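# Understanding the architecture of this molecule
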Amino acid sequence: MKKLLKSAGLSVLVGLLTAITVLLIKPELGGMTESSRDRLLTQSTRALHVTGPVSYRDAVRKAAPAVVSIATNSESQQSNANLPLPQRTRNMPEGSGVIVDPGGYILTNHHVIKDAARLLITLRDGREAVAWVVGTDPESDLAVLKTDLPGLPYLDLYDARTDIGDVVLAIGNPFGLGQTVTMGIISATGRNDLQLNTYEDFIQTDAAINIGNSGGALVNAYGDLVGISTLLFTRGGGSEGVGFVIPASMARFVLDSIIKHGRVIRGWLGIESQPLSSALARAYGVNPNIGIVITGIYEGGPAERAGLRRGDILTGVNGQSTRDGRKVMNMVARIPPGQPMTIQVLRDGQQIELTTQTATRPTIVN
């Protein structure tokens, strides 16, 4: 009996290995795409490593070619006839960008290319090309550029979860010195209270992000693009180990929307809110941190149509908890306008559920 079981187990193992091998060689037989096959291979390889890499050169070799330097000159430079011609036409290094598509799409920060009349990108291999603006999103401080340069290296946005403590590398062009790599870890995630952008969901890192790194890449230890470097927090003008990065998930949402529509189209609920503090929770007779307090309703907006009222405690959107007003706004923004949504509300001590459809968020021009 034991021999029979052992033989059967060996047969199952051999069959399983054979099936996996066939899927890896011909993924279409199992309904698997080539990208899914490559992802499975990558994850399997990483699972075999019990320790992190001693050197990050492979990650840099993978990621660095897709990071570009962005030089600009402004309308004022071009139009100021009092300046000598070389100063009027000179391209000044402003920041960095990341090629995220073989067709030439480049992600960078809005503040890097704002008011620029001309954009020149420089690749790590020395090639230069003119780029133009496809669209910008001041509310997240992102912009999408495009260039026609052929044979471009690129990095896919890596939407997988990143955790505090993960090793990351910042690749950019600080101070116009040329491409530079710095290393650190993810210090925090979900930073949304900096009040710098309308939509914030920053990764915080201690990898040095200096002036000129804006728009550059933050990659993990395997060279996967996990975010777009945006800004540093500093009191003395230098890097102090507190840098902020737009995560890949938000960058992808902005990229896809701009490519499809020329601008970012976000869902909108039409409310104003404030946190449910301990004092307010006592006044309402509820536990703190169960939701947010509605303080304003936009006339004609989805919230008003749903029957939401000032003073209601919003506890959930589509069944997801809503303890943070910024997170609620980010959550609703990714619901396509016109799509049904449910709102969970605590009113007069009673939990009720309302339904509505998201509207298109009014465009904010900066």
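Our subject is the structure that appears above.
Scoring rules and cut-offs
- Residues numbered from 1 in each chain as written.
- Predicted model: local features only at pLDDT ≥ 70, side-chain atom pairs only at ≥ 80, totals over all residues.
- Heavy atoms only, no water.
- Salt bridge = Lys/Arg side-chain N within 4 Å of Asp/Glu carboxyl O.
- Helix = DSSP H or I, 4+ residues; strand = E, 2+ residues; numbered from the N terminus.
- Buried < 20%, exposed > 50% of the residue type's maximum accessible area, 1.4 Å probe, protein only.
- Core = buried A, V, L, I, M, F, W, Y, C linked by side-chain atoms within 4.5 Å.
- Contact = heavy atoms within 4.5 Å.
- Pairing = 2+ DSSP bridges.
- Polar contact = N/O pair within 3.5 Å; in protein donor to acceptor, adjacent residues only side chain to side chain.
- Expected span 1.5 Å × (residues − 1).
- Phe/Tyr/Trp six-rings, centres within 6.5 Å; stacked < 30°, edge-to-face > 60°.
- Lys NZ or Arg CZ within 6 Å of the ring centre and 35° of its normal.

Applying the stated criterion across every chain yields a total of nine salt bridges. Two residues, aspartate 58 and arginine 61, come together in a salt bridge whose shortest N-O distance is 3.7 Å. Here aspartate 58 pairs with arginine 61, and both are found in helix 3 (residues 57-63), just three residues apart, close to one helical turn. When sorted by exposure, aspartate 58 lands in the same class as arginine 61, which is exposed. Several salt bridges converge on common partners, so that one network encompasses Asp137, Glu139, Arg266 and Arg361.

Ranked by size, the top nonpolar core spans 33 residues in total, and within it Val98, Val100, Leu107, Leu155, Leu157, Val219 and Leu225 carry the most contacts. Those elements that place two or more of their residues in this core are helix 3, strand 3 (105-108), strand 6 (142-146), strand 7 (167-172), strand 10 (217-220), strand 11 (225-232), strand 12 (243-247) and helix 7 (248-261). When residues of this core are assigned to their parent elements, the largest contribution, six residues, is made by helix 7. Residues in contact with valine 100, not counting those within four places in the same chain, are Tyr105, Leu107, Tyr154, Leu155, Asp156, Leu157, Leu225 and Leu255. Residues Ala303, Ala306, Val328 and Met341 belong to the second largest nonpolar core, which totals 17 residues.

The next thing to look at is the pairing of strand 12. By the criterion of burial, strand 12 is predominantly enclosed, with five of the five residues buried. Side chains Gly243, Val245 and Pro247 of strand 12 all project onto a buried face; the interleaved residues Phe244 and Ile246 project onto the opposite face, where all are buried too. Bridge count between strand 11 and strand 12: five bridges; the pairing is antiparallel. Bridging from a neighbouring strand, serine 229 pairs with valine 245 of strand 12.

Mapped onto the elements, asparagine 220 comes out in strand 10. Of note is the side chain of asparagine 220, whose polar atom sits 2.9 Å from the backbone nitrogen of aspartate 224. Residues contacting asparagine 220, with those up to four places away along its chain left out, are Ala59, Tyr158, Val167, Val168, Leu169 and Val226.

This brings us to helix 7. In this model, helix 7 (14 residues) spans 20 Å end to end at C-alpha, consistent with the 20 Å of a helix rising 1.5 Å per residue. Check the buried side of helix 7 and you find it contacts strand 3, strand 5 (128-137), strand 6, strand 11, strand 12 and helix 10 (325-333). Backbone geometry just downstream of helix 7 places glycine 262 in the positive-phi region, at approximately 85 degrees.

Right, let's get into the packing of aromatic side chains. Scanning the entire structure with this criterion turns up two aromatic pairs. Across from the ring centre of tyrosine 105, 5.3 Å away, lies the NZ or CZ of lysine 146, which sits over that ring. Here the basic side chain of arginine 266 rests over the ring of tyrosine 199, its NZ or CZ set 4.1 Å away from the ring centre.

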